[in-house]
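Understanding the architecture of this molecule
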Amino acid sequence: MKLNPQMVTLARELRELTQEQLADRVGVGQAKIAKVEGGLQSDVADEIAERLASALEMPLEFLQQSGDLVGVGSSAYFYRKKADLSARDRKRIHALINLLRLNLGKMLNSIEIEARRPLPQLDVEDYGGSPERVAQAIRQLWNLPDGPIVNLTTLIESAGVVIIPVDFGTQSMDGTSIRLADMPPLIFINIDLPGDRWRFTLAHELGHLIMHDVPHEQMEDEADAFAAELLMPTGELRPIFKRLTTIRLEDLAKLKPFWRTSMAALLKRAGDLGFLSANARKNLWITYRRTCLPEPSAFEQEPVRTYSGITQYFVDSLDYTRAEMESLLHISGSDFERLYRFSSGKPKTGPTLRVV
């Protein structure tokens, strides 16, 4: 029986198994698993294939399906993580992201997402090497008014980007984005982020999608600078900070609900724009970490419409049952429940979708 080596690897890493652990479950030697995953023995005996599927808790069709994995090192893949992300978590998260991407690709064979505004790819060098100028260009291109962006999630979705909330199983990963030729741009974001960090992470990943074709050392700093300017424009923050004789944490707490960013982001912005001396910045950060964590004036995440609307579209408009959805995606019932939280109710609002 022919198996796709990459799907075997994906399923194993999704289940957080080593090759040796999987081999023990299947009743074969580790060398056998290594050869299967390496593509040296993709044609395996039916019994072994069935035991593999059972050990991985995946339908056999999942291991047979076509598809390639996208991982770190690809020019399309960027991910925003913390230094303490373990290798085990990283592999599981990459597998999860690839699974969701493959599933979405299957659903997009039947529907199409229509963008209502452009999503350009801009070279930072064409803007004097300034990510801030790129952000200013996007605000102008999208005809955004002065002031805060009221709903960043809806704005990004209107550009045809699919935002996918994901339970990464760790707080060490905020988000990642992928831009591939055969799919709409994708942003995967940690479902457990507070509302302010949710918005900054989305703006950060939007910066990657717009500015970066190939990973490089400065790209994370550039994406942060893009996000800060998009959410807190220099031209509007300067007069505000200038009116404050001394910038205090109480001032930042008052600005937070208006700009819908964290106090930490506003504190960094004040420092970057030159309104804090090195000593004042240091002291404010010390006080912030001691007294303002968790931050006050929390607000909820902005709801995602497009992604939830896609699966709902299959149920409400294309009349798919849950079993048919599981069959379409080649995943188990438990995985479907965990990833999609199946519901038969119609969403209040949804994306612009059309049947292909």
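Predicted model, so just to flag it, every value in this text is computed and none were measured. Counting of residues starts from 1 at the beginning of each chain's written sequence and follows it residue by residue. Local features in this predicted model are restricted to residues whose pLDDT is 70 or higher, and side-chain atom pairs enter the listing and the counts only when it is 80 or higher, whereas totals over whole chains, interfaces and linings include all residues. To obtain the side-chain values, all non-hydrogen atoms of the structure were used and water was disregarded.

Quick word on a negative patch on the surface
On the surface, Asp123, Glu125, Asp126 and Asp213 cluster together into a patch of negative charge. The secondary structure listing takes helices from DSSP runs of H or I that are at least 4 residues long and strands from runs of E that are at least 2 residues long, numbered from the N terminus. Along the chain, Asp126 falls in the loop between β2 (111-113) and α7 (131-141). Note on classification: 1.4 Å probe, protein chains only; a residue is buried when its accessible area is under 20% of the maximum for its type, exposed when over 50%, partly exposed between these limits. The class of Asp126 is exposed, set by a relative accessible area of 59%. By definition, no residue in a patch forms a salt bridge, and every one has over 30% relative accessible area; like charges are joined within 9 Å, nonpolar side chains (Val, Leu, Ile, Met, Phe, Trp, Tyr) within 5 Å. Accessible surface is estimated by sampling points in the Shrake-Rupley manner with a 1.4 Å probe; for residues, cover comes only from the protein chains shown. In the sections that follow, a salt bridge refers to a side-chain nitrogen of Lys or Arg positioned within 4 Å of a carboxyl oxygen of Asp or Glu. Residues scored as charged are limited to Lys and Arg (positive) and Asp and Glu (negative), so that His and the chain ends carry no count. Charge placement uses NZ in Lys and CZ in Arg. For Asp and Glu, CG and CD serve respectively.

Brief notes about the packing of helix α1 (residues 5-14) against helix α6 (residues 87-107)
Inter-axis angles, ranging from 0 to 180 degrees, are taken between N-to-C directions of lines fitted to C-alpha atoms, where helices are fitted over the stretch in contact. Look at α1 against α6: their axes get within 8 Å of each other, and the N-to-C directions meet at 125°. Classified by the interaxial angle, the pair formed by α1 and α6 is oblique. With respect to the hand of their crossing, α1 and α6 are arranged in left-handed fashion. Residue-level contacts link Met7, Leu10, Glu13 and Leu14 of α1 to Lys91, Arg92, Ala95, Leu96, Asn98, Leu99 and Leu102 of α6. Working definition: roughly parallel below 35 degrees, roughly antiparallel above 145 degrees, roughly perpendicular at 65 to 115 degrees, and oblique for all remaining angles. Handedness of a helix crossing follows the sense of rotation of the near helix relative to the far helix, less than a right angle counterclockwise being left-handed and clockwise being right-handed. We call two residues in contact whenever any of their non-hydrogen atoms come within 4.5 Å of each other.

Looking at the pattern of salt bridges
According to the stated counting rule, one finds 18 salt bridges in the structure shown. As a salt-bridge pair, Glu16 and Arg92 come within 3.4 Å of each other at their nearest N and O atoms. With Glu16 in the loop between α1 and α2 (19-26) and Arg92 in helix α6, this pair connects stretches of sequence that are 76 residues apart. In this structure Glu16 comes out as partly exposed when scored by relative accessible area, which is 29%.

Details of the side chain of Asn98
Here Asn98 shows up in helix α6. Excluding its chain neighbours within four sequence positions, the residues that come into contact with Asn98 are Leu10, Asp68, Leu69 and Val70.

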